[in-house]
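# Summary of structural features
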Amino acid sequence: MEYEKISCDFCGSPENSVVASQTDLLYKTTKDTFNVVKCKDCNLHFTNPRPDANTIGNFYVQDYSFHSSRNYIKYLFDKVLGLIANSFFVLFFNPFSFFNPYLIQRMKPKIPDPVLTRIKILKNTKRQKILDIGCGSGTNSHFFGAKGSLNYYKKFADVMGCEFSENARNNLSELGIFCYPFIDKIPSSENYFDIIRMNWSLEHVDKPSHYFKFIKEHLAKDGIAVICIPNNEGHVYQNYPNCLELPIHFYHFNISDIFKYAEKYGLKIKNVNTFSYPGLYYFSSKFYPSLSHYKNMSIFDAWKMNKLLNKSYTENGNDMIVILGL
Ligand SMILES: [Zn+2]
């Protein structure tokens, strides 16, 4: 396999030093080890060298969850477990460790989906035009679930996707959702989206700078861009720097990186929040040896952790939601 060596996307510097290394422990597509480097000039963290545009497809497994379609039974199963996991009743399952993987992974702090919030606020004013970059197959979304998918939004808004997976694009087409393969295929006649969303997709892209530029050029005057990404300064990544999703995560951003990109491309930061949830610790413990102590987390432990994380947005949450405007 050939890997490409890159310069910093933000400042162009070719100078960088290795800060972390990992193989693909999560999907096991390769035994090769990848490095994350830190730019010597601007501090941006990125995977380098990395698979190029022709080979990166080999590192996304066939059933990479957000590219495949979901059946109704699976959806109902997921919904019922999600309701139990986030209610007091979950504690009745504490003695039965059999349920741990099903329930702990679904415990989440109550964070409203910024896209849905916006649609609801403006529902009597203007039907929103939404572009979801890295939209997957359109029936599910990371963290926000089915209600954060284009298939759900389309009931209330005009939606359009952008997704490189052909499999996912075929699913979208069956749902009647138009989708482009890449942002540079979106013509200027499609200008002025009210909401441009990147739901845990910016960390996967080739050149983040192209996306910030695209947002600047395609956002409606009072529109918003919603960017959800892992926070490289979050608790997990600070304490266990090798727990990384490589090689498919190309960039490892912290809040100040996003501030710098926004400033460079003339975008305003409207809001930033970071948050964490117990499932990340529990799920990752199966793959990353340095997190293995979280494997024995009980439902009660996870419930306590979630309650704590739920109280407020934490400073060093493992994920972040950034809202940008013009
Ligand atoms: Zn740099």
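Since we're looking at a predicted model, the values are computed, not measured.

With that settled, the discussion passes to the pairing of strand 7 (residues 158–162). For strand 7, the tally of buried residues reaches 4 of 5 residues, placing the bulk of the element in the interior. Of the pairings in the sheet, the one linking strand 6 (residues 129–133) to strand 7 comprises 5 bridges and is parallel in character. Looking across to strand 7, one finds that Ile 130 is bridged to Val 159. Here 2 bridges tie strand 7 to strand 8 (residues 179–180), and the two strands are oriented parallel to one another. Note on strand 8: the bridge partner recorded for Gly 161 is Cys 179. The parallel pair strand 7 and strand 8, bridged by helix 5 (residues 166–174), forms a crossover whose chirality is right-handed.

Turning next to a positive patch on the surface. Together, Lys 79, Lys 120, Lys 123, Lys 147 and Lys 155 make up a region of like positive charge exposed at the surface. Examined against the element boundaries, Lys 123 turns out to sit in the loop between helix 3 (114–121) and strand 6.

It is worth spelling out the domain arrangement of the chain at this point. Interfaces are often described in size by the accessible area the parts lose on coming together. Domain assignment breaks the chain into domain 1 (3–59) and domain 2 (111–296 + 316–325). Each of domain 1 and domain 2 has a C-alpha centre, and these two points are 20 Å apart. Summed over both sides, the interface between domain 1 and domain 2 buries roughly 2,300 Å², with carbon and sulfur atoms accounting for 61% of that surface. Counting every contact that joins domain 1 to domain 2 gives 1 salt bridge. Across the salt bridge formed by Asp 206 and Arg 50, the nearest N and O atoms sit 3.0 Å from each other. Connecting domain 1 to domain 2 are 13 residue pairs in polar contact (both at pLDDT 80 or more).

Below, the discussion takes up the sheet that holds strand 3 (residues 34–39). The antiparallel open sheet is built from 3 strands, whose spatial order is 2-3-4. Unpaired on one side and paired on the other, strand 2 (16–22) and strand 4 (45–47) mark the two borders of the sheet. This sheet shows a mean twist of 30° between the axes of neighbouring strands, independent of strand direction. Of the strand pairs in this sheet, strand 2 and strand 3 are connected by 6 bridges, and their pairing is antiparallel. Bridging across to strand 3, Ser 17 finds its partner in Lys 38.

Tallied over the full model, the rule gives 28 aromatic pairs. Taking 6.1 Å as the distance between ring centres and 25° as the angle between the ring planes, the aromatic pair formed by Phe 89 and Phe 92 counts as stacked. Judged by relative accessible area, Phe 89 falls into the exposed class, the value being 54%. Between the aromatic rings of Phe 144 and Trp 200, the centroid separation amounts to 6.3 Å while the plane-to-plane angle is 50°, which identifies the pairing as tilted. Residue Phe 144 is located in the loop between strand 6 and helix 4 (150–153), and its partner Trp 200 is located in the loop between strand 9 (193–199) and helix 6 (208–218); the two are separated by 56 residues in the primary sequence. Across this residue pair, the class does not change: Phe 144 and Trp 200 are buried. Grouped by ring-pair contacts, the aromatic residues Phe 10, Phe 46, Phe 212, Tyr 251, Phe 253, Tyr 261 and Tyr 265 constitute a single cluster. In this structure, Lys 108 packs its charged tip against the face of Phe 143, placed 5.2 Å from the ring centre.

Conventions and cut-offs
Residues numbered from 1 in each chain as written. Predicted model: local features only at pLDDT ≥ 70, side-chain atom pairs only at ≥ 80, totals over all residues. Heavy atoms only, no water. Buried < 20%, exposed > 50% of the residue type's maximum accessible area, 1.4 Å probe, protein only. Helix = DSSP H or I, 4+ residues; strand = E, 2+ residues; numbered from the N terminus. Pairing = 2+ DSSP bridges. Right-handed = clockwise from strand over helix to strand, strands pointing away. Patch = residues over 30% accessible without salt bridge, like charges linked within 9 Å, V, L, I, M, F, W, Y side chains within 5 Å. Areas by Shrake-Rupley, 256 points an atom, 1.4 Å probe, with all protein chains shown as cover. Salt bridge = Lys/Arg side-chain N within 4 Å of Asp/Glu carboxyl O. Lys, Arg positive; Asp, Glu negative; His and termini not counted. Charge placed at Lys NZ, Arg CZ, Asp CG, Glu CD. Domains from an automatic or database assignment. Buried area = accessible area lost by both parts, 1.4 Å probe. Polar contact = N/O pair within 3.5 Å; in protein donor to acceptor, adjacent residues only side chain to side chain. Axes fitted to C-alpha atoms, helices over the stretch in contact; angles between N-to-C directions. Phe/Tyr/Trp six-rings, centres within 6.5 Å; stacked < 30°, edge-to-face > 60°. Lys NZ or Arg CZ within 6 Å of the ring centre and 35° of its normal.

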